[in-house]
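# A look at the structure
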Amino acid sequence: MDLLSMWEGTANNSMNRSLLEGEECCDVVIIGGGFTGLSTAYHLQEKQCSTIVLEQGKVGCGASGRNGGEVLTGYLGSMEYWTKKKGLHAAKKMWQLSLDSIDLIENIINKHDISCDFKRNGDFLAAYKPSHLESMKKDQEFMASKLNYYGIDIVEKNEIKNELETSFYSGGRVDYKSAHFHPLNYTLGLAKAAEKLGAKIYERSEATGVKRNSKNKFIVRTDKGKVIADNLVIATNAYSGDLNKIVKKSVVPVESIMIATESLPEDVVEALIKNNRAVSDTKNLLYYFRRTGDNRLAFGGSGRASSKRDQNRIYENLLEGMLSVFPQLKGTRIEYRWGGKVGFTQNMLPYIGQLKDGAHFAFGYGGHGAAMASLLGKTMAEDILEEGDPDNPLRIKKLRSIPFHNQHSKAVGVMKFYKQFQDRFFG
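Residues numbered from 1 in each chain as written. Predicted model: local features only at pLDDT ≥ 70, side-chain atom pairs only at ≥ 80, totals over all residues. Heavy atoms only, no water.

### Examining the environment of Phe 124
Locating Phe 124 in the fold gives a position in strand β4 (residues 123–126). Overall, the relative accessible area of 0% leaves Phe 124 in the buried class. Taking the C-alpha atoms as reference points, Phe 124 and Val 254, separated by 130 residues in sequence, lie 23 Å from one another. Not counting residues within four places of it along the chain, the set of residues in contact with Phe 124 comprises Val 155, Ile 160, Glu 163, Leu 164, Gly 171, Gly 172, Arg 173, Val 174, Arg 277, Ala 278, Val 279 and Ser 280. (Helix = DSSP H or I, 4+ residues; strand = E, 2+ residues; numbered from the N terminus. Buried < 20%, exposed > 50% of the residue type's maximum accessible area, 1.4 Å probe, protein only. Contact = heavy atoms within 4.5 Å.)

### Quick look at the packing of helix α4 (residues 88–112) against helix α6 (residues 183–196)
At their nearest, the axes of α4 and α6 sit 11 Å apart, and the two run at 65° to each other. With respect to α6, the element α4 is oriented roughly perpendicular. Handedness of the crossing formed by α4 with α6: left-handed. Contacts between α4 and α6 involve Ile 105, Ile 108, Ile 109 and His 112 from the first element and Tyr 186, Leu 190 and Ala 193 from the second. Across the contact of α4 with α6, the residue classes tally to six nonpolar, one polar and no charged. (Axes fitted to C-alpha atoms, helices over the stretch in contact; angles between N-to-C directions. Parallel < 35°, antiparallel > 145°, perpendicular 65-115°, else oblique. Left-handed = near helix turned anticlockwise from the far one by under 90°. Nonpolar A, V, L, I, M, F, W, Y, C, P; charged D, E, K, R; others polar.)

### Things to note about the packing of aromatic side chains
Across all of its chains, the model carries 13 aromatic pairs by this definition. Taking 6.4 Å as the distance between ring centres and 75° as the angle between the ring planes, the aromatic pair formed by Trp 7 and Trp 338 counts as edge-to-face. Placement of Trp 7 in helix α1 (residues 6–9) and of Trp 338 in strand β16 (residues 334–344) is noted, with a sequence separation of 331 residues between them. Each of the two residues, Trp 7 as well as Trp 338, counts as buried. (Phe/Tyr/Trp six-rings, centres within 6.5 Å; stacked < 30°, edge-to-face > 60°.)

### Observations concerning the sheet that holds strand β5 (residues 152–155)
If you trace the eight strands from one edge of the open sheet to the other, you get β5-β6-β4-β13-β14-β15-β12-β16, paired in mixed fashion. The open sheet has two edge strands, β5 and β16, and neither has a second partner. If you compare each strand with its neighbour and ignore which way they point, the axes differ by 20° on average. Bridge count for strand β13 (residues 278–281) against strand β14 (residues 288–291) is two bridges, and the pairing is antiparallel. Looking across to β14, one finds that Ser 280 is bridged to Tyr 288. Against the sheet, helix α5 (residues 130–147) makes contact with β4, β5 and β6 (172–175), and its axis sits at roughly 160° relative to β5, the strand it touches most. (Pairing = 2+ DSSP bridges.)

### Points about the nonpolar core
With 67 residues, the main nonpolar core has Tyr 75, Met 79, Phe 181, Tyr 186 and Leu 394 as its most contacted residues. A total of ten residues in this core trace back to one element, the largest contributor, which is α4. The contact partners of Leu 394, leaving out residues within four places of it in the chain, are Tyr 75, Met 94, Leu 97, Leu 349, Pro 350, Tyr 351, Ile 352, Met 372 and Leu 376. Tyr 169, Leu 264, Tyr 287 and Tyr 315 belong to the second-largest nonpolar core, a separate cluster that totals 25 residues. (Core = buried A, V, L, I, M, F, W, Y, C linked by side-chain atoms within 4.5 Å.)

### Here we look at the pattern of salt bridges
The final tally for this structure, using the stated rule, is 25 salt bridges. Glu 165 serves as the salt-bridge partner of Lys 274, at 3.0 Å between the closest nitrogen and oxygen. Here Glu 165 lies in the loop between β5 and β6 and Lys 274 lies in the loop between α8 (266–272) and β13, a separation of 109 residues in the sequence. (Salt bridge = Lys/Arg side-chain N within 4 Å of Asp/Glu carboxyl O.)

### What about unusual backbone geometry?
Phi is positive for Arg 204, close to 50°, though the residue is something other than glycine. Along the chain, the position of Arg 204 falls in the loop between β8 (200–202) and β9 (209–212). Classification of Arg 204 as partly exposed rests on a relative accessible area of 49%.

### Concerning the packing of helix α2 (residues 35–46) against α4
As a packed pair, α2 and α4 sit with axes 13 Å apart at the nearest point and diverge in direction by 65°. Regarding α2 and α4, the two cross each other, and that crossing is left-handed. Contacts from Tyr 42, His 43 and Glu 46 in α2 reach Leu 104, Ile 108, Lys 111 and His 112 in α4. Here the contact of α2 with α4 is built from residues that sort into three nonpolar, two polar and two charged.

### Notes on the pairing of strand β12 (residues 252–261)
For a regular strand, side chains alternate in direction, first toward one face of the sheet and then toward the other. Burial runs high along β12: eight of the ten residues are buried. Bridging between β12 and β16 involves ten bridges; their strand directions are antiparallel. Across the sheet, residue Glu 255 finds its bridge partner in β16, namely Lys 341. In terms of strand pairing, β12 meets strand β15 (residues 297–302) through five bridges, oriented antiparallel. Bridge pairing in β15 places Met 258 opposite Gly 300.

See the structure below:
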């Protein structure tokens, strides 16, 4: 399903980096050249800690360069839910982390003049049914009374035309702190920023094995070389292979797909999404969409295909979804279609921590990686430098495999069928 993404088709010029050959040594070796791994390298290099990043493809070829580019506050599930699960103190810290994550990205972009169409105009969460809007009103009250957060406004159904040119939804809410960007261009800019600070990034250099030597250093092997380092970071998220079985079995990859229209007249695309916000909805199998810097509509949803025929069908279904929201786009040419993997953990929150052998990890962003991954990369850098916050509510003490992980693809298929049924027949 890894077709050419719109982000790749419209990306800034990227470097052709060499693959690892021979032996290299550094303080920290990082597996994965996406948001998480590159942010870890960037923040370590700021403290003169030498890093090498090993990427099996090209920088940003995984989720970091294929996602919707929606840089959102919060997590999967409401903060009221997480307050009940983790307590008010932890929930307050979690919420602040989500705000800090977007501030961090904005600061990096401004500091290094990264051209990635970053727009911090907030996000609009569209209510699929009237009952969903009522839940949003309760959530707004909770956020203000318990978390002292007042950056949310409710949009009634009769006001939705102030946000979207559609009658598909029953209102929604605006969170003014969210943003959106060109995710691949941000990834490429972050890689260059890390390299300017001294990081080495090797592409087409898949890590094939990890072990400790007699001096207790990590040795990470690739087909044509190896890296010897004091510390190891695993930042592979939903693209985790067999390198570390515990990491692989602790994250469930779920396929998400996107389409993008041809470039539209500016007045047309401005009319669709009035305030240029990142948009998603409350369907169980949600839609998410936004304007791009070159006046396209990028529209995403869930997708799982086992054959070429299935692949065509799920993209056709997504196009039907786009036209159900914006019927005025009928006849508009779709110029790009692509897919990627989103990583989910068992408790639906991002994980950060260390394995028994001392390797650091962060993964499982559940669709919020465009915001949170850069921050958790920085957090891993702080942990390595022994500057981290031990009270981080996303930290887990022991990584455990998800039961029956090898059956997850079947489970995801059943779950999606069930959620489609819910969307159709229940509020």
